[in-house]
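# Inside the fold
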Amino acid sequence: MNKKVLIPLVVVIVLLLAGVTVLYMNLHKQRQENQEMEQLAALDKKEMENEYQQFANQYSEMKTQINNDSIVAQLTQEQEKTQRLLAELRNTKSTDAREIARLKRELATVRAVLRSYVIEIDSLNRLNQNLTAENTRIKGQYAEANRQIEGLNSEKANLSEKVAIAAQLDATGISMSPLDKKGKTTKKLKKAKSFQVSFTLARNVTAQSGMKTVYVRITTPAGSLLGNAGSFSYENRSLPCSMKRSIEYNGKETPVSMFCNIDQTIQGGSFNVSIFVDGNMIGSRNFSFE
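A short tour of the structure in this document, coming up. (Residues numbered from 1 in each chain as written. Predicted model: local features only at pLDDT ≥ 70, side-chain atom pairs only at ≥ 80, totals over all residues. Heavy atoms only, no water.)

### Some points on the sheet that holds strand 8 (residues 269–277)
As a reminder, the rule being used: Pairing between strands is defined by DSSP: at least two bridges between the two strands are required. The helix and strand labels rest on DSSP assignments: H or I over at least four residues marks a helix, E over at least two residues marks a strand, and numbering proceeds from the N terminus. Between the N-to-C directions of two axes lies an angle of 0 to 180 degrees, each axis being a line fitted to C-alpha atoms and, for a helix, fitted only over the stretch in contact.
Taking strand neighbours across the sheet as the criterion, the four strands line up as 6-3-8-9 in an open arrangement whose pairing is antiparallel. Edge positions in the sheet fall to strand 6 (243–249) and strand 9 (280–289), since each has one partner strand and no second. Mean inter-strand twist for the sheet, computed between neighbouring axes without regard to direction, equals 20 degrees. As defined by bridge partners, strand 8 adjoins strand 9 across nine bridges and the pair is classed as antiparallel. Pairing of Val277 across the sheet is with Asn280, part of strand 9.

### Quick notes on unusual backbone geometry
Even without a glycine there, the phi angle at Glu235 is positive, about 55 degrees. Its place among the elements puts Glu235 in the loop between strand 4 (231–234) and strand 5 (237–240).

### Remarks on the sheet that holds strand 1 (residues 171–179)
Sheet strands line up and pair through hydrogen bonds in the backbone, either parallel or antiparallel. Read across the open sheet, the three strands follow the order 1-2-7; overall the sheet is antiparallel. Only two strands of the sheet have a single neighbouring strand rather than two, namely strand 1 and strand 7 (254–261). The average angle at which neighbouring strand axes cross in this sheet is 15 degrees, direction not considered. Strand direction decides the pairing type here: strand 1 and strand 2 (residues 194–201), joined by seven bridges, are antiparallel.

### What about the pairing of strand 2?
Within a regular strand, side chains alternate between the sheet's two faces. Heads up, the condition is: For the exposure calls, accessible area comes from a 1.4 Å probe over protein chains only, and a residue counts as buried if that area is under 20% of its type's maximum, exposed if over 50%, partly exposed in between.
The element strand 2 is largely enclosed, with a buried count of six among its eight residues. Two elements, strand 2 and strand 7, share eight bridges in a ladder whose sense is antiparallel. Across the sheet, residue Ser198 finds its bridge partner in strand 7, namely Ser257.

### Quick look at helix 2 (residues 69–90)
Filter applied, for reference: Here the expected length of a helix is defined as 1.5 Å per residue gap, with one fewer gap than residues. By arc we mean the arc of the directions from the helix axis to the C-beta atoms, nothing more. Any N or O atom pair separated by 3.5 Å or less is treated as a polar contact, with the protein-specific requirement of one donor-capable and one acceptor-capable atom, and with residues adjacent in sequence counted only for side-chain atom pairs.
Spanning 22 residues, helix 2 covers 31 Å between terminal C-alpha atoms, matching the ideal 32 Å at 1.5 Å per step. Listed as buried for helix 2 are Ile71, Leu75, Glu78, Gln79, Thr82, Leu85, Leu86 and Leu89. Down the axis of helix 2, the sector holding all buried residues measures 125 degrees, keeping them to one side. In helix 2, those exposed residues whose orientation departs by more than 90 degrees from the buried face are Asp69 and Gln77. Sitting at the head of helix 2, Asn68 places a side-chain oxygen 3.0 Å from the backbone nitrogen of Ser70.

### Structural notes on the pattern of salt bridges
Stated formally: Criterion for a salt bridge: a side-chain nitrogen of Lys or Arg within 4 Å of a carboxyl oxygen of Asp or Glu.
Within this structure, the stated rule accounts for eight salt bridges. Residues Arg84 and Glu88 are paired through a salt bridge, measuring 3.1 Å at the closest nitrogen-oxygen approach. Pair noted here: Arg84 and Glu88 are both in helix 2, with a separation of four residues, about one helical turn. Its relative accessible area of 43% is what places Arg84 among the partly exposed residues. When the shortest N-O distance is used, the salt bridge between Asp278 and Lys212 registers 3.1 Å. Here Asp278, found in the loop between strand 8 and strand 9, pairs with Lys212, found in strand 3 (residues 210–219); they are 66 residues apart in sequence, far enough to count as distant. Exposure remark for Lys212: the relative accessible area of 11% places this residue in the buried category. A single network of salt bridges, built from pairs that share partners, joins Arg84, Glu88, Glu99 and Arg102.

### Brief notes about a positive patch on the surface
What counts here: Two distance rules govern patches: like charges are joined within 9 Å, and nonpolar side chains (Val, Leu, Ile, Met, Phe, Trp, Tyr) within 5 Å, applied only to residues with over 30% relative accessible area and no salt bridge. A 1.4 Å probe and the Shrake-Rupley method give the accessible areas. Residues count as covered only by the protein chains that appear here. Residues scored as charged are limited to Lys and Arg (positive) and Asp and Glu (negative), so that His and the chain ends carry no count. By convention, the point assigned to a charge is CZ for Arg, NZ for Lys, CD for Glu and CG for Asp.
On the surface, a cluster of positive charge is made up of Lys181, Lys182, Lys184 and Lys193. Residue placement: Lys182 occurs in the loop between strand 1 and strand 2. Lys182 gets classed as exposed once you look at its relative accessible area, which sits at 67%.

### A short note on the nonpolar core
What counts here: We define the nonpolar core as a collection of buried residues of types Ala, Val, Leu, Ile, Met, Phe, Trp, Tyr and Cys that are connected through side-chain atoms lying within 4.5 Å of one another.
One finds Met176, Phe195, Phe199, Val216, Ile218, Val273 and Ile275 to be the most contacted residues of the largest nonpolar core, which totals 31 residues. Taken together, the elements giving at least two residues each to this core come down to strand 1, strand 2, strand 3, strand 6, strand 7, strand 8 and strand 9. If you look at the next biggest cluster of nonpolar residues, it comprises 20 residues, including Tyr52, Ile71, Leu114 and Tyr117.

### Digging into the side chain of Thr220
Using the following cut-off: Here a residue-residue contact requires only that any non-hydrogen atoms of the pair lie within 4.5 Å.
You can see Thr220 is positioned in the loop between strand 3 and strand 4. With relative accessibility at 6%, the residue Thr220 sits in the buried group. Thr220 has contacts with Leu226, Gln264, Ile266, Ser270 and Phe271, leaving out every residue within four places of it along the chain.

This is the structure in structure tokens:
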């Protein structure tokens, strides 16, 4: 074959082979990222199922600790609602983002209602404890008093465990805005140089006050993680985060704003924002940008 024909033909073949190799590597990387997102979604759904089941069990326990027919009826109603939502969640695919988001909002409501009952029952138990102690002192039944105190200490230990669950923080009012190079909000994603994520840590009088580290993950429409601010522990595994920030929380509503530089080429579509504190996912929301 003529060299003038052979050499260009060889070059074309080499370029084609290189293009096929690059395409295969990109498809393989995309497949891995999609699998990781599916695993994370499945873990999140499983955690929600465990919380719903735990809340339903706690309603059963609380009904045995109170002698008030009206409150027992209310607890039964909330328990049935929790079990119904758990059934809906189990019948929902982990990839159904819209339904999972709805059930996550319902879970936050269930947690808040449970927290209010924990506080109410704790107050009633404390009042009952004081009345029992006073009656014991009057009658001089010291032995009986000691037995009751031991029982109350056991109930207090169980209640402390329930309060720890009720003390989990919630992120509300989650918003996400693309910013241009001047730090101003822009509607054109191609002009965006960073994202601003804002939300509010809801009021929670049962939560421990002090410094909290907030971790935020921003997932692009392509399934990749935006930014790189280290990693954190979640569900016995290490997850990378887009940004993190330490804030002081005192049990009151606390507004938080965080910024993430755009360090990669991104396309329009659905972005997911997930917020984590103390090893728990406390809020998640999807945003669409063109």
